[in-house]
Amino acid sequence: MSDKPAHNVAFVRETTLPPSPPPVAETGAIKWMRENLFSSAFNSIMTILGVLAVYQILSLALPWLLNGVWNASSIRDCREILDGATGGCFAVLTERWHQLVFGRYPQDSYWRPTLAFLLMFAAFAPVLFSNLPKKMLIFTGLYPFIAYYLVWGGSVLVPILSLVGFAVGYVVYTRLVDRSFATGFFGGVAAAIAVWYIGGFIINEDSTFLALEQVESRDIGGFMLNLILGVVCLSVSLPLGIVLALGRQSRMPIIKWICVVFIEFIRGVPLITLLFVANVVLAYFLPPGTNFDLILRVMIMITMFAAAYIAEVIRGGLAALPRGQYEAGDSLGLDYSQSMRLIILPQALKISIPGIVNVAVGLFKDTTLVSVISMFDLVGMVRGPILASTDWNGVYWELFGFAALLFFVFCYGISQYSQWLERQLQTDHR
Amino acid sequence: MAMTDDAIAHMDAKVSDEVAIEIENMNKWYGTFHVLRDINLTVYSGERIVICGPSGSGKSTLIRCINALEEHQQGRITVDGTTLSSDIKNIDRIRSEVGMVFQHFNLFPHLTILENCTLAPIWVRKTPKKEAEETAMHFLTKVKIPEQADKYPGQLSGGQQQRVAIARSLCMKPRIMLFDEPTSALDPEMIKEVLDTMIELAEDGMTMLVVTHEMGFARQVANRVIFMDEGQIVEQNEPEEFFHNPKSDRTKLFLSQILGH
Ligand SMILES: Nc1ncnc2c1ncn2[C@@H]1O[C@H](COP(=O)(O)OP(=O)(O)O)[C@@H](O)[C@H]1O
Ligand SMILES: [Mg+2]
């Protein structure tokens, strides 16, 4: 206190205080427990109740898990082996795993969806991780056709024709888009349809050129169906949602109102209703004899549903951007699509990530609703063929627990990725 | 026009007869609110014009009309020989010739300083990336922050951000620069670094329209000061005359408020 006289107001510091280390905290488990578990009477009671609850749950679940039976041919077998002791009958999983995962997919072709699943990681990697080489995006573009060919089989000419259609449509679009966006867009669509139409005549339906064994859509089921629905619908609904969100902001009244009506209508209707529409009602409107795949109809419905929600999430992100960002883009001479692509959307999407992930996770779990319109996805398989069989009637916990675990792994993965992505994109240093 | 020697000294040969901006009988309304009334203004190449006036008098609206951030309903605005119309191509061309600096900088927070500066040259001017980066570094050096090129805007101080915003505009090699209260959002100790940058720009002969209340800057740099009130140009004159011998009562009142105490 030598350099701080007590009664004098004027004060000049002559020596700079050296920085000192922070006070050494008392460390160790005891301190941690006192601060986090027993800091108050209420806190202590909650801690004790919590420990009791965990103990109760574990004392029931652990024997069930550890004492489980993995090898048995039916629930009666299980009970005999357990002989009165607690224990899960996990044999149903080892016995029926192929149904749970692949539905009624032909057993000797399991490698095909498995391969498609593995390739999916390569296809998504450059989209999810921007530091990978851009050339990998070529594979991403080809992947939908490869995956279709692998999962549904048939002649290789079908996916190739559809790829050619998209390619021709894209080329026509880039040629015409300079005149106006509408010319480019409709020109591209018309060209693609023309290619598919003409190609349809050239390619024989039953062509066996490099054909894989054709698999009917109704044989595709199990968790594979959930994955296909989730991945396809999300991949399509994200760009569609962006377009809807931008359309809703459009200055052109027609576009704006189309988007508003679409979004509000879809959001006002439960998904299950849309699925019933896909299943039953659409059939009335289609000309008799048309073979419009049920999976495709369901995909369209789920995609529209997710797109409407994603559009609203992104609209929130767009609204959160200060107007100055639009003006800065404008004042530099960027045109609408450039300023959207380079300035507005990257920021709006970043803000929207938590909301989009919310929709994505919800949508992925909602794919199990298709079991209600008698499609045999994971839940449909459990409720239908497996629980209805005399062998396994009654093994609810094991089966639904397995379903829950599968979904948890995937949803947790999505959520972890999104948190990682948010950290990556954090540049505002607030 | 009576000019002091001082005023003549900085109204040098850089002001040419070439018209940069021509505004004729321009009117603008927000709904029923008549925000700009019968504006007539000719800006010659190389002029440095300071616009001042009370808050809400329409200064921002006026300069935002020049690069079509706001639409005007009556009259004609010609920028660099091109008349503003609703043709989008036309507007985008004018915008790429006219740089604008905002009160709140409006840098792109998701891009680095360098990317902020190269974005428009690459996408609008189609400059090769490498060349755009060289130009960007040139202008970042000019505003004295080349070492910040790889940081993000959020990591810079307000004064630094505003200088980046100036550099970003300069990278488009604009022929005209508009400034809307470039120092109003800054802490006092940062105002000078931004004003110095703008003074340098003026010395290089840039055509500048500056909305500001920095009267020191107006004295030193401007060759014309415009006073606006209630959407009209009330008075304009060269700075010495404007400050020492204001004609209109409203100008006098305004000057006494802003300079007085
Ligand atoms: N987008 C807008 N809609 C309606 N009124 C506006 C809008 N922008 C500005 N105004 C009004 O126009 C007047 C002039 O605004 P502005 O040009 O920003 O003034 P200044 O920049 O001189 O302070 C103000 O009264 C303001 O309230
Ligand atoms: Mg203003």
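We now turn to the structure provided with this report. (Residues numbered from 1 in each chain as written. Chains lettered and ligands numbered in written order. Predicted model: local features only at pLDDT ≥ 70, side-chain atom pairs only at ≥ 80, totals over all residues. Heavy atoms only, no water.)

1. Some details on the sheet that holds strand β2 (residues 33-44) of chain B
Residue and element names in this part refer to chain B.
Stage number 1. One open sheet accounts for 4 strands, arranged β2-β1-β4-β5; its pairing is antiparallel. A single partner strand is all that each edge strand has here, and the edge strands are β2 and β5 (82-83).
Stage number 2. Note that strand β4 (residues 74-79) and β5 share 2 bridges and pair antiparallel. Across the sheet, Thr78 pairs through a bridge with Thr83, a residue of β5. (Pairing = 2+ DSSP bridges. Helix = DSSP H or I, 4+ residues; strand = E, 2+ residues; numbered from the N terminus.)

2. Structural notes on the packing of helix α5 (residues 111-128) of chain A against helix α9 (residues 222-248) of chain A
Residue and element names in this part refer to chain A.
Stage number 1. α9 packs onto α5 with a crossing angle of 30 degrees between their chain directions and a minimal axis gap of 12 Å. Accordingly, the angle class assigned to the pair α5 and α9 is roughly parallel. Crossing of α5 against α9: the hand is left-handed. Contacts between α5 and α9 pair Pro113, Phe117, Met120 and Phe124 from the former with Met224, Leu227, Val231 and Ser235 from the latter. (Axes fitted to C-alpha atoms, helices over the stretch in contact; angles between N-to-C directions. Parallel < 35°, antiparallel > 145°, perpendicular 65-115°, else oblique. Left-handed = near helix turned anticlockwise from the far one by under 90°. Contact = heavy atoms within 4.5 Å.)

3. Let's talk about the site of ligand 1
Residues and elements named next belong to chain B.
Stage number 1. Around ligand 1, the surrounding shell consists of Tyr30, Phe33, Val35, Pro54, Ser55, Gly56, Ser57, Gly58, Lys59, Ser60 and Thr61.
Stage number 2. The separation between an oxygen atom of ligand 1 and a polar main-chain atom of Gly56 is 2.7 Å.
Stage number 3. Residue Thr61 places a side-chain N or O atom 2.4 Å away from an oxygen atom belonging to ligand 1.
Stage number 4. Taking 560 Å² as the accessible area of ligand 1 by itself, protein coverage stands at 61%.
Stage number 5. Per element, the largest residue contribution to the shell around ligand 1 is 3 residues, and it comes from helix α2 (residues 59-66).
Stage number 6. For the shell around ligand 1, the residue count by class is 4 nonpolar, 6 polar and 1 charged. (Near = heavy atom within 4 Å. Polar contact = N/O pair within 3.5 Å; in protein donor to acceptor, adjacent residues only side chain to side chain. Areas by Shrake-Rupley, 256 points an atom, 1.4 Å probe, with all protein chains shown as cover. Nonpolar A, V, L, I, M, F, W, Y, C, P; charged D, E, K, R; others polar.)

4. Notes on the sheet that holds strand β8 (residues 207-211) of chain B
Either a parallel or an antiparallel arrangement is found when strands of a sheet pair, and the pairing is made through backbone hydrogen bonds.
Residue and element names in this part refer to chain B.
Stage number 1. The strand order β6-β7-β8-β3-β9-β10 describes an open sheet built from 6 strands, whose pairing is mixed. Either end of the sheet is taken by a strand with one partner, and the two such strands are β6 (98-101) and β10 (232-237). Between one strand axis and the next, the sheet turns through 20 degrees on average, direction left out of account.
Stage number 2. Examined bridge by bridge, β6 and strand β7 (residues 176-180) share 4 bridges and lie parallel to one another. Residue Val101 lies in a different strand from β7, and its bridge partner there is Phe179.
Stage number 3. Taken strand by strand, helix α7 (residues 188-203) contacts β3 (48-52), β7 and β8, and its axis lies near 150 degrees from that of β8.

5. Some remarks on the nonpolar core
Stage number 1. Counting residues in each nonpolar core, the largest one holds 99 residues, and the members touching the most others are Ile220, Val298 and Ile302 of chain A together with Ile23, Ile51 and Leu209 of chain B.
Stage number 2. With 13 residues, helix α12 (residues 294-320) of chain A is the single largest residue contributor to this core.
Stage number 3. In this structure, Ile23 of chain B is in contact with Ile39, Asn40, Leu41, Leu62, Ile66, Arg76 and Ile77 of chain B, ignoring residues within four places of it in sequence.
Stage number 4. Val50, Met215, Phe217 and Phe227 of chain B belong to the second-largest nonpolar core, a separate cluster that totals 46 residues. (Core = buried A, V, L, I, M, F, W, Y, C linked by side-chain atoms within 4.5 Å. Buried < 20%, exposed > 50% of the residue type's maximum accessible area, 1.4 Å probe, protein only.)

6. A closer look at the interface of chain A and chain B
Stage number 1. The interface is formed by 21 residues belonging to chain A together with 25 residues belonging to chain B.
Stage number 2. Our enumeration of links across chain A and chain B arrives at 1 salt bridge.
Stage number 3. Here Glu327 of chain A and Arg64 of chain B are joined by a salt bridge, their closest N and O atoms 2.7 Å apart.
Stage number 4. On inspection of chain A and its partner chain B, the count reaches 6 residue pairs in polar contact (both at pLDDT 80 or more).
Stage number 5. Looking at the side of chain A that touches chain B, the elements that each hand over two or more residues are α13 (323-331) and α14 (336-366) of chain A.
Stage number 6. Its residues assigned to classes, the side of chain A that touches chain B shows 6 nonpolar, 9 polar and 6 charged. (Salt bridge = Lys/Arg side-chain N within 4 Å of Asp/Glu carboxyl O.)

7. Examining unusual backbone geometry
All names here are of chain B.
Stage number 1. Phi at Glu181 is positive, roughly 45 degrees, even though this residue is not glycine.
Stage number 2. With respect to the element layout, Glu181 can be found in the loop between β7 and α7.
Stage number 3. With phi around 50 degrees, Glu230 is a residue other than glycine that occupies positive phi space.
Stage number 4. Note that Glu230 resides in the loop between β9 (224-229) and β10.
Stage number 5. Since its relative accessible area comes to 47%, Glu230 is described here as partly exposed.

8. Section: a nonpolar patch on the surface
Residue and element names in this part refer to chain A.
Stage number 1. Nonpolar side chains collect at one region of the surface, where Trp32, Met33, Phe38, Phe42, Ile45, Met46, Ile48, Leu49 and Leu52 lie side by side and expose about 940 Å² of accessible area between them.
Stage number 2. At the level of elements, α1 (29-36) and α2 (41-66) are the ones that each hand at least two residues to the nonpolar patch.
Stage number 3. At 6 residues, the largest contribution of residues to the nonpolar patch is made by α2.
Stage number 4. Turning to its location among the elements, Met46 is positioned in helix α2.
Stage number 5. The exposure class of Met46 is partly exposed, given its relative accessible area of 41%. (Patch = residues over 30% accessible without salt bridge, like charges linked within 9 Å, V, L, I, M, F, W, Y side chains within 5 Å.)

9. Section: the pairing of β2 of chain B
In regular strands, side chains alternate between the two faces of the sheet.
Residues and elements named next belong to chain B.
Stage number 1. Bridge count between strand β1 (residues 19-30) and β2: 8 bridges; the pairing is antiparallel. When the sheet's bridge partners are listed, Val19 is paired in β2 with Tyr44.
Stage number 2. The loop that links β1 with its antiparallel partner β2 comprises 2 residues; one of these, Gly31, has a positive phi angle of about 60 degrees.

10. Quick look at the environment of Ala404 of chain A
Stage number 1. Mapped onto the secondary structure, Ala404 of chain A falls in helix α16 (residues 396-425).
Stage number 2. Residues Ala404 of chain A and Lys365 of chain A lie 39 residues apart in sequence; the distance between their C-alpha atoms is 9.7 Å.

11. Examining the side chain of Gln160 of chain B
Residues and elements named next belong to chain B.
Stage number 1. Along the chain, the position of Gln160 falls in helix α6 (residues 158-170).
Stage number 2. Given a relative accessible area of 17%, Gln160 falls into the buried group.
Stage number 3. In this structure, Gln160 is in contact with Ile145, Gln148 and Glu193, ignoring residues within four places of it in sequence.

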